[in-house]
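Structural overview for review
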Amino acid sequence: MNINEIRKQAKALTKEERKSILTEISEIQLHGFLKGLFGAMEPECVTEITHGVDEFGKDLVIVKRSKLSTDVFGVVVKVGDIRAKTAGKVDDLKSVVSNLFSSVTTKKIAEMASQVEQAFNHPAEMKTIFPKLPVSKVFVVLAGEMSRQARQRLEQELKENMARIEIRDIDWLIDNFTEYYPQAFFEGRIIDFIQDKIQNLESKHWLSTKGKNLSEYFIEPIVSVIPGKDDLSNFEQAMTSKFVSFPKLREILTHKRKILLIGDPVAGKSGALAKLTIDMLRESSPSIHQEKGDEKKIEIPILVVAKDILDTNTPEEIFRKFVPEELEHRFLVKVLMVDALDEVHSTNRMDVIEKARVFSEKYSCPLVVTSRKIDIVKQPPKDFEAYELMPFRFSQALKLFQKLVSSQKTLSSLKDGLDRIKNQIPMVPLSLMFLIDLVEENKEIPASVTELYDRFYDMALGRWDKEKGIIVLFEYLIKKRFLAGLAYHEFLKKQQLEITKEDFDAYLKNYADRFDMNQESLPDFIREIERAGILEIREQVFFRHRSFLDYFIAFYIFDRREEFQDLNDFIVKIYFDDMWSEVAFFYVGLKRELSDATLEKIFTFEKDGINGRIAKLLVGRLLQAGWHSETSIKYTGMQRAIDFAPGVRDDFANASVKTKIKIPKIISGFLVLALSEYSFGSGFLFKELKNLLKTLLQQTSKENIFKALAISWAIKKFLNTSEKKELTDTFLKKIPEIGKEEQASTLLLLRAINEKDKTMEKKIKSRLNKLRKSDPQIFQNLLPYTKGSSTKQNK
């Protein structure tokens, strides 16, 4: 619930109801509300509660600074009505008038006058500003009514200072609390706690330096359900995975389940949990005004980091990591969310899981734990369901750009650039921010993802800091080579994705000795490394994103390529390594070209099975990275790569049989088309692909038709309407020469390519209907099929 919604609810109360609420608040409690009120009215001021034995009458102090002066306002607070003798003729007011002359009333006025005098005579002492400040003005705040006669009497008592005194009564409080701090009419401390939590989560994120709240730029991610089958290969897992929307994940949590949410570093796990927490907190804001004895418990989410759980021994201590102890009795736990399991030492991770499990059982709430892809998540703990946060899709990335970039020209450049390198870049928020920063900084789109990373690292490591007046102690190239050596020697050679702090320190000392670095300067060196945001240095040391690690390994190899014997063999071996294949991609990107020798070794490399064939089909990605390769090399590489398309399609079909999941044959074709687009979908390859497509369509066979179809899918976004029409007509002339099932499959895939062209779609549909009438059984194998729905689906 935001401040506007709370204000509306406050205005819905009658003025008398609001007055009643304020006058029932104790004086001490009112001090806290007034601090909130003054802070809302004057955000630039500093307000402090100073009530105590040595505060000389001041209950609060407000300090207002300007370039010319500092003004200090003392605040004196009183609760209850104050009246003096009134001139009235109504007999039934007699008793009231008599009471106003009582010693109690006289004492109240005298006490207030004394407090005000003391406030002027003694400087304000505020720890947060500086020791002693002279008070320039005093506000008398009365949570009650003051009669005209009482006001006159007070003014007489204080006539020497009256020009510096302002009296604010209950009407002023009602109006200003309603406008600026309406939570005072409700459960103020509860609402303040919730609002503070929300604002903290909104502002503490990776875009806070741009002045953005998390909710302003958050894009709902897609989540993949990871099947709990230990015997499936990576491919077979992909075949059995399901995707759910982020709101659906929240719905799953309502069933008190335990979820492990994994993903790459900076893929958005922490942001997703923070946004989920913000949404739940907003929904939990109380909407009832204060009434004695009416304290309904409120359901809230609890969000803590894994390393904080290590310091706790009981569920109650975990609760208090998020909620102050004095408010604990007001809340119920809606869900426990534990972020960054991977950031605690590997020996402590199961301890965190077990403590979180005990909490979940005690408070009968669902549990979510996030982590990078580490050993403990390969086989989720008992009772946990595993989900993976997926990279953004193209449309999601565009939405992020639209939220962050106001210039239409820059937006257009970003869209075009992302379309060109989307198959190379990790589609996570951080990588997309690289693109935004570089486009805004350099006014151009990098030619490839490697150039994108290359330029970003130069910027992040301080290549241009001196030009901007930023002090740096170490040249960017020194830091870049340190990270490259660390990545190669401590990660690649030791086959690790994270190392211990001890191993990191040992490498740092060895590096400093080799290059004669001053030992006293090493802390500064590490600070500059950490400031770049590339490396995380805790109990475990790791690169913040897997692609960072791959890039720096590639940079090391490229920078020292003359030291490697049989370099081509080394790169090819890495390319086929399931753990390190992206290193080869970055290496070719740094070279900006792919050699004929390397290409030949890739296609002759012996690696059986679907993974080997997919790797050869995806050679187009290396050609995208090596965009400056010779035309003949590009053409030959794609010609040989696309030869693997039919075989990979058959592999997919066979895998569906192995997993005993009935998957329509057409899905296998679509999967290969998607891989082909990933491999060849680049403007750098378009010219050679058009020539290859022409050659394939001249030599009709079912294999060539499918290969041509895969290439057509990859380049469809680069074709204009007339080119698509001409290409489709060519397919329609050629397909009668192949079998009926291949014809049906080709027509269905062609229909997807021409989905926005109603004329061509109609022509393809006509051919499909003729084929269905001549042989209806063909489509039952190709298409998703349920009993009684074949006619509808075939249409």
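Note that the structure is predicted; figures quoted are calculated from it, not measured. (Residues numbered from 1 in each chain as written. Predicted model: local features only at pLDDT ≥ 70, side-chain atom pairs only at ≥ 80, totals over all residues. Heavy atoms only, no water.)

**Here's the deal with the overall build of the chain**
For the chain, the count of helices and strands is 39 helices and 15 strands. Going through the 795 residues of the chain one by one, you find that 51% of them count as buried. The long-range fraction of contacts in the chain, counting pairs at least 24 apart against all pairs at least 6 apart in sequence, stands at 72%. Surface summary for the chain: the accessible area is close to 38,400 Å², and the carbon and sulfur share equals 49%. (Helix = DSSP H or I, 4+ residues; strand = E, 2+ residues; numbered from the N terminus. Buried < 20%, exposed > 50% of the residue type's maximum accessible area, 1.4 Å probe, protein only. Contact = heavy atoms within 4.5 Å. Areas by Shrake-Rupley, 256 points an atom, 1.4 Å probe, with all protein chains shown as cover.)

**Observations concerning the side chain of T47**
Along the chain, T47 falls in strand β1 (residues 46-49). Under the relative-accessibility criterion, T47 is labelled buried at 11%. When residues no more than four places from it in sequence are discounted, the contact partners of T47 are K35, F38, G39, L60, V61 and I62.

**Notes on the nonpolar core**
Counting residues in hydrophobic clusters, the biggest one holds 188 residues, and the most contacted among them are L336, V338, F504, F543 and I557. For this core, the element with the most residues is helix α24 (residues 546-559), which contributes 10 residues. In this structure, L336 is in contact with I302, V304, I318, A356, F359, C365, P366, L367 and V368, ignoring residues within four places of it in sequence. L34, I174, A184 and F186 belong to the second largest nonpolar core, which has 30 residues in total. (Core = buried A, V, L, I, M, F, W, Y, C linked by side-chain atoms within 4.5 Å.)

**Section: helix α30 (residues 631-642)**
Helix length check: α30 (12 residues) gives 17 Å between terminal C-alpha atoms against 16 Å at 1.5 Å per residue, within 8%. Considered for burial, the residues of α30 that qualify are I633, K634, G637, M638, A641 and I642. Summarising the axial view, the buried residues of α30 lie within an arc of 145°, below the 170-degree limit, and thus occupy one face. (Expected span 1.5 Å × (residues − 1). Arc of directions from axis to C-beta.)

**Brief notes about the sheet that holds strand β13 (residues 499-500)**
Judged by pairing direction, the sheet is antiparallel, and its three strands sit side by side in the order β13-β15-β14 without closing on themselves. Among the strands making up the open sheet, the edge pair consists of β13 and β14 (535-537). (Pairing = 2+ DSSP bridges.)

**Some points on unusual backbone geometry**
Among all residues save glycine, negative phi is the norm, and among peptide bonds the norm is trans. Even without being glycine, D516 reaches a positive phi, approximately 55°. Phi angles above zero are rare outside glycine, and D566 is one such case at about 50°. Mapped onto the elements, D566 comes out in the loop between α24 and α25 (567-575).

**A few points about the pattern of salt bridges**
Using the criterion set out here, one finds 35 salt bridges in the structure. Across the pair E316 and K362 runs a salt bridge whose closest N-O atoms are separated by 3.2 Å. Of this pair, E316 sits in helix α14 (residues 315-320) while K362 sits in helix α15 (residues 349-362), placing them 46 residues apart in sequence. Exposure remark for E316: the relative accessible area of 25% places this residue in the partly exposed category. (Salt bridge = Lys/Arg side-chain N within 4 Å of Asp/Glu carboxyl O.)

**Concerning the sheet that holds strand β2 (residues 60-65)**
Each strand in a sheet pairs with another by means of backbone hydrogen bonds, the pair being arranged parallel or else antiparallel. Strand order across the open sheet formed by five strands is β1-β2-β3-β4-β5, with mixed pairing between neighbours. The open sheet has two edge strands with one neighbour each: β1 and β5 (165-168). Direction aside, the axes of adjacent strands within the sheet are offset by 20° on average. Judged from the six bridges that link them, β2 and strand β3 (residues 70-79) form a sheet pairing that is antiparallel. Note that in β3 the partner of V63 across the bridge is V72. The sheet contacts of helix α3 (residues 27-41) involve β1, β2, β3 and β4 (137-143), and relative to β3 the element is tilted by about 145°. (Axes fitted to C-alpha atoms, helices over the stretch in contact; angles between N-to-C directions.)

**Focus: the environment of A532**
For A532, the position within the fold is in the loop between α23 (522-531) and β14. Remark: the alpha-carbon pair of A532 and K479, spanning 53 residues in sequence, is separated by 9.8 Å.

**What about the packing of helix α27 (residues 596-604) against α30?**
At a minimum axis distance of 11 Å, the contact between α27 and α30 shows a crossing angle of 5°. One way to sum up the angle between α27 and α30 is to call them roughly parallel. Of α30, the residues touching α27 (which contributes D596, L599, E600, F603 and T604) are I633, G637, R640 and A641. Residues of the contact of α27 with α30, tallied by class, amount to four nonpolar, two polar and three charged. (Parallel < 35°, antiparallel > 145°, perpendicular 65-115°, else oblique. Nonpolar A, V, L, I, M, F, W, Y, C, P; charged D, E, K, R; others polar.)

**Structural notes on the environment of K756**
With respect to the helices and strands, the residue K756 is situated in the loop between α36 (740-753) and α37 (758-774). Sequence-wise, K756 and T721 are 35 residues apart; in three dimensions their C-alpha atoms are separated by 9.7 Å.

**Section: empty space enclosed by the protein**
The full count for this structure, using the stated rule, is two cavities of 30 Å³ or more. Along the walls of the largest cavity sit S712, L719, K724, L727, T728, F731, L750 and I753, which together make up its complete lining. Contributions of two or more residues to the lining of the largest cavity are made by α35 (721-734) and α36. Each residue belonging to the lining of the largest cavity can be placed in one class, and the counts come to five nonpolar, two polar and one charged. (1 Å grid on protein atoms, 1.4 Å probe; cavity = no way out; pocket = protein on both sides within 12 Å on 5 of 7 lines; lining within 4 Å. Points joined across faces, edges and corners; volume = space filled by probe spheres on them.)

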